[in-house]
Amino acid sequence: MNQAAAKFTPYNSKTIQRAPQWERIPEELREGVTVVSQVLPFRTNQYVLDELIDWENIPDDPIFRLNFPHRTMLDDRDYVAMRDVVATGDKRQIALYAGKLREQMNPHPAGQQTHNVPELDGEEVQGIQHKYAETVLFFPKAGQTCHAYCTFCFRWPQFVGDDELAFAAKDAQGLTAYLARHREVTDVLITGGDPLIMRTNTLARYIEPLLAPEFEHIQNIRIGTKSVAYWPQRFVTDQDADELLRLFERVIAAGKHLAIMGHYNHPAEIRPDIAQTALKRIIATGANVRLQSPVLKHINDDPAAWRELWTTGVRLGAIPYYMFVERDTGARAYFELPLVRAYEVFREAYKSVSGLARTVRGPSMSAFPGKVLIDGTPTIRGEKVFALQFLQGRDPDWTRRPFYAKYDPHATWFDQLTPAFGDQEFFFENALPLPARPARELAVIS
Ligand SMILES: *Cc1c(COP(=O)(O)O)cnc(C)c1O
Ligand code: SF4
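Definitions and limits used
- Residues numbered from 1 in each chain as written.
- Chains lettered and ligands numbered in written order.
- Predicted model: local features only at pLDDT ≥ 70, side-chain atom pairs only at ≥ 80, totals over all residues.
- Heavy atoms only, no water.
- Core = buried A, V, L, I, M, F, W, Y, C linked by side-chain atoms within 4.5 Å.
- Buried < 20%, exposed > 50% of the residue type's maximum accessible area, 1.4 Å probe, protein only.
- Domains from an automatic or database assignment.
- Contact = heavy atoms within 4.5 Å.
- Helix = DSSP H or I, 4+ residues; strand = E, 2+ residues; numbered from the N terminus.
- Expected span 1.5 Å × (residues − 1).
- Pairing = 2+ DSSP bridges.
- Right-handed = clockwise from strand over helix to strand, strands pointing away.
- Buried area = accessible area lost by both parts, 1.4 Å probe.
- Salt bridge = Lys/Arg side-chain N within 4 Å of Asp/Glu carboxyl O.
- Polar contact = N/O pair within 3.5 Å; in protein donor to acceptor, adjacent residues only side chain to side chain.
- Axes fitted to C-alpha atoms, helices over the stretch in contact; angles between N-to-C directions.
- Parallel < 35°, antiparallel > 145°, perpendicular 65-115°, else oblique.
- Nonpolar A, V, L, I, M, F, W, Y, C, P; charged D, E, K, R; others polar.
- Near = heavy atom within 4 Å.
- Areas by Shrake-Rupley, 256 points an atom, 1.4 Å probe, with all protein chains shown as cover.
- Left-handed = near helix turned anticlockwise from the far one by under 90°.

The next thing to look at is the nonpolar core. In a soluble, globular protein the nonpolar side chains are often hidden away together inside. One finds Phe68, Leu179, Phe235 and Trp310 to be the most contacted residues of the largest nonpolar core, which totals 108 residues. Shared between two domains, this core holds at least three residues of each, these being domain 1 (3-103) and domain 2 (109-335). Filtering out sequence-adjacent residues up to four positions away, Trp310 remains in contact with Leu291, Pro320, Met323, Phe346, Ala349, Tyr350, Val353, Ala357 and Val360. Listed in part, the 20 residues of the second largest apolar core include Leu339, Val372, Ala411 and Trp413.

Given below as structure tokens:
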């Protein structure tokens, strides 16, 4: 490769002042970064700063918004109070107050540990979740951070040292023991954080056991990653980039499908040459790259952004997969869009691309009962409604059964919707495994 090996330089709230671009950030925005990054985790890197952010366009540049904390992510009273605590320089007070604000931000949204963490011989299997029959999620311990942090991240508690990390698996043993007994599982989705933060030899220790003949039922291995966008060097110039691609080839040689679930939030992430080279190198191994992202205010609430992302992706050989609705956690008020708007963005983008890009589905909410697709806002028997359906349900039989909620132009999440036509409940409600509304759930959205 003739692209010179770049050194991965991460920045956090303490070191960002050393970044060459720090001086380009106006004083009032810097204050926002300093104050809010006490509460919400912040991390970026030199590639993002140099290649993805348009510094002529801050603060509105979408990648700037995607990486840098902004004042209005906290409500105004909290911001001012936090700023005052930061000004005292008292570390203990800062940590205490930041912790208090985090608690208010629904750190563990809709779902839970006990509903999705499976058991084997009466014991919980660490680092795996199994919600939909055919797919097991796997959280390797060494993959629970990212090359940079998205400000919308719904996994943010794990980056501030919260106990969600307890989820992660040190090795593949629990996973393989579980899969050996669960022949119904066809897909393993390795996720994080970002599993591709790991060196190749570490990642291989998790993946290679799955290539053994006894796991013939595992047809598809997916790796969820943001590295394609934030650190494409991972596939091009990193010391073990080639080794990583050889690992991908071994997965394919073992007869499996390998899907790299690429978390692209904005077309700026797919424009740089090195990002396109990364994509082509991955695809050359026989793996697929699929594109997915939530739709977010300030970042990609624009059909043109999606059109460019999908069409560029398709041209390079990737497959548009999901558009999600941002979930109910963290700086939610900053990013959320009315469901109606999310639907409009989806439809406007979808109708402007060829069928090859219409493999995408959305907008979809990863809610407690399942992945709920918003399929439009028709008027039926004189009542304006949301047409909905499950793409995935806790009960597979719910899949693709149309159902309807009262139209609400302000609703931003599934839990704000109520049944249409005067019904008392949605068709699936008395079937939910209640009581115990879950404390948390790590659905796939990022
Ligand atoms: C989205 C998701 C999956 C994968 O669903 P697909 O529709 O197969 O992509 C699996 N488990 C959980 C918990 C999810 O949120
Ligand atoms: S949204 Fe995904 S890629 Fe971004 S910080 Fe969170 S886990 Fe990492």
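What follows covers helix H15 (residues 339-350). Since the α-helix turns once every 3.6 residues, residues separated by three or four places project in the same direction. Over its 12 residues, H15 extends 16 Å from the first C-alpha to the last, a length consistent with the 16 Å expected when each residue adds 1.5 Å. Residues Leu339, Val340, Ala342, Tyr343, Val345, Phe346 and Ala349 constitute the buried set of H15. The inward-facing, buried residues of H15 contact strand S10 (288-295), helix H13 (303-316), strand S11 (319-325), strand S12 (361-366), strand S13 (370-374) and strand S15 (383-393).

Attention now goes to the environment of Lys297. Relative to the helices and strands, Lys297 resides in the loop between S10 and H13. Sequence separation between Lys297 and Tyr334 is 37 residues, and the spatial gap between their C-alpha atoms is 7.1 Å. Excluding its chain neighbours within four sequence positions, the residues that come into contact with Lys297 are Ala333, Tyr334, Phe335, Glu336 and Leu337.

Within strand S9 (residues 257-263), six of the seven residues are buried, leaving the element largely enclosed by the surrounding structure. Two strands pair when backbone bridges link them, and strand S8 (residues 220-225) and S9 are joined in this way by six bridges, in the parallel orientation. Across the sheet, the residue bridging to Asn220 is His257, located in S9. In the sheet, S9 pairs with S10 via five bridges, with the strands oriented parallel. Counted as the bridge partner of Met261 is Arg290 from S10. Regarding the hand of the β-α-β motif, the stretch spanning S9, helix H12 (residues 273-284) and S10 is right-handed.

By domain assignment, the protein chain separates into domain 1 (3-103) and domain 2 (109-335). Look at where the C-alpha atoms of domain 1 and domain 2 centre, and you get two points 25 Å apart. Residue-level contacts link 27 residues of domain 1 with 34 residues of domain 2. Interface of domain 1 and domain 2: buried area, both sides summed, is about 2600 Å²; carbon and sulfur atoms make up 67% of it. One can count zero salt bridges joining domain 1 with domain 2. Inspection of the region where domain 1 meets domain 2 yields eight residue pairs in polar contact (both at pLDDT 80 or more). Looking at the side of domain 1 that touches domain 2, the elements that each hand over two or more residues are strand S2 (43-45), helix H2 (46-52) and helix H3 (62-67).

By the secondary structure assignment, Gln239 is in the loop between helix H10 (227-230) and helix H11 (241-253). According to the relative accessible area criterion, Gln239 is exposed, its value standing at 86%. Sequence separation between Gln239 and Val48 is 191 residues, and the spatial gap between their C-alpha atoms is 20 Å.

In the contact formed by helix H1 (residues 27-36) and helix H4 (residues 76-88), the axes pass within 9 Å of each other and the chain directions differ by 80 degrees. Taken together, H1 and H4 sit at an angle that is classed as roughly perpendicular. Seen from H1, the contacting residues are Glu31, Gly32, Val35 and Val36; seen from H4, they are Tyr79, Met82 and Arg83. When its residues are assigned to classes, the contact of H1 with H4 shows four nonpolar, one polar and two charged.

Taken together, 11 residues lie around ligand 1, and Arg222, Tyr321, Tyr322, Lys371 and Gln392 are the ones closest in. In this structure, Tyr321 approaches ligand 1 through a side-chain N or O atom, which is 2.7 Å from an oxygen atom. The separation between an oxygen atom of ligand 1 and a polar side-chain atom of Tyr322 is 2.6 Å. Compared with its free state, where it exposes 380 Å², ligand 1 has 95% of that area covered by protein. Those elements that place two or more of their residues in the shell around ligand 1 are strand S5 (128-132), strand S6 (135-138) and S11. Partitioning the shell around ligand 1 into residue classes produces six nonpolar, two polar and three charged.

Packing of H12 against H13 brings their axes to within 10 Å, and their N-to-C directions diverge by 45 degrees. Here H12 lies oblique to H13, going by the angle between them. The way H12 lies across H13 gives a crossing that is right-handed. Of H13, the residues touching H12 (which contributes Gln276, Leu279, Lys280 and Ile283) are Thr312, Arg315 and Leu316. Residue composition of the contact of H12 with H13, by class: three nonpolar, two polar and two charged.

A separate point is the environment of Glu119. Checked against the element boundaries, Glu119 lands in strand S3 (residues 119-120). Considering only alpha carbons, one finds Glu119 and His130, 11 residues apart in sequence, at a separation of 9.9 Å. Dropping the residues within four chain positions of it, Glu119 is found in contact with Glu124, Val125 and Tyr178.

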